[in-house]
Amino acid sequence: AAAPAATPDTGLVRRLLGGTGWQALAQMLPLVFNLALTPFIIHGLGVGIYGIFLLVVVIQQFVGSVDGGVGPSARRYFGMYAGRGDRAATTSLLVTLLVIVSGAATVLCGALFAASPAVMAFFPGSAEDPDGSVFLLRVMIIIVGVAQVRGLFTQVLLTNNQFRLTALGDLLAVFAYAAMMIWP
């Protein structure tokens, strides 16, 4: 007699599909918004300032992607602790990483914050609005520091299957961004 076919755990499948749906929405909606908002942004800022905006966004993404391996390590250990249900170890690691990441972000972002005028002077396109370009870079630097800290909390939520909460937070940020871009 043949062994009965294994059926997938419907709770697991439902959780995977739900998590995938929320994460896909949180990734696709910003793309749609950015494509739709690009003409408004170019018109509102002008071509020269838009170029500076793109330059600063690229610098922000580069600096934001450099975390010294903290992100992948945190994902690994938060996942292990979530699998064991060890909340004390999760909290201990989270607090330790918050102190380390906050300290490093303060030092590194502070140095880049101070160097912002020199960084923007390197790019000839920023001559159109040097004060505005330095201000934009400084704001983006602060956003990177906050995002590094936020990423730790996000990792804890994701390892505990809280996909909807993280996606809703991301979507709220996208809606706020879109509203600020088209606000007169």
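Residues numbered from 1 in each chain as written. Predicted model: local features only at pLDDT ≥ 70, side-chain atom pairs only at ≥ 80, totals over all residues. Heavy atoms only, no water.

(A) Fine view of the overall build of the protein. The helix and strand inventory of the protein stands at six helices and zero strands. Rg of the C-alpha trace for the protein: 21 Å, well past the compact-globule value of 16 Å for 184 residues, more than 25% over. Principal axes of the C-alpha set define a box for the protein whose edges measure 80 × 40 × 30 Å. For the protein, with 184 residues in total, the buried portion stands at 26%. Restricting the contact set of the protein to residue pairs at least 6 apart, pairs at least 24 apart contribute 76%. When the accessible surface of the protein is summed, it comes to about 12000 Å², and 71% of that surface belongs to carbon and sulfur atoms. The distance from the centre of the 9 positive side-chain charges to the centre of the 7 negative ones in the protein is 16 Å. (Helix = DSSP H or I, 4+ residues; strand = E, 2+ residues; numbered from the N terminus. Rg over C-alpha atoms; globule rule 2.2 N^0.38 Å. Buried < 20%, exposed > 50% of the residue type's maximum accessible area, 1.4 Å probe, protein only. Contact = heavy atoms within 4.5 Å. Areas by Shrake-Rupley, 256 points an atom, 1.4 Å probe, with all protein chains shown as cover. Lys, Arg positive; Asp, Glu negative; His and termini not counted. Charge placed at Lys NZ, Arg CZ, Asp CG, Glu CD.)

(B) Summary view of a nonpolar patch on the surface. Nonpolar side chains collect at one region of the surface, where Met28, Leu31 and Leu35 lie side by side and expose about 320 Å² of accessible area between them. Secondary-structure assignment places Met28 in helix H1 (residues 10-45). Residue Met28 is classed as partly exposed on the basis of its relative accessible area of 47%. (Patch = residues over 30% accessible without salt bridge, like charges linked within 9 Å, V, L, I, M, F, W, Y side chains within 5 Å. Salt bridge = Lys/Arg side-chain N within 4 Å of Asp/Glu carboxyl O.)

(C) Representation of helix H2 (residues 47-65) within the structure. Helix length check: H2, at 19 residues, gives a terminal C-alpha distance of 27 Å against a target of 27 Å (1.5 Å per residue), a fit within 8%. Turning to H2, its buried residues are Ile49, Tyr50, Ile52, Phe53, Val56, Val57, Ile59 and Gln60. (Expected span 1.5 Å × (residues − 1).)

(D) Focus on the pattern of salt bridges. Counted by the stated rule, this structure contains two salt bridges. A salt bridge links Asp86 to Arg84, with the nearest nitrogen and oxygen atoms 4.0 Å apart. A residue is classified by how much of its surface remains accessible, and Asp86, at 28% relative accessible area, is partly exposed.

(E) Main features of the side chain of Thr90. As for its position among the elements, Thr90 is in helix H4 (residues 87-121). With near-sequence residues (within four places) excluded, Thr90 lies in contact with Phe78, Tyr81 and Val156.

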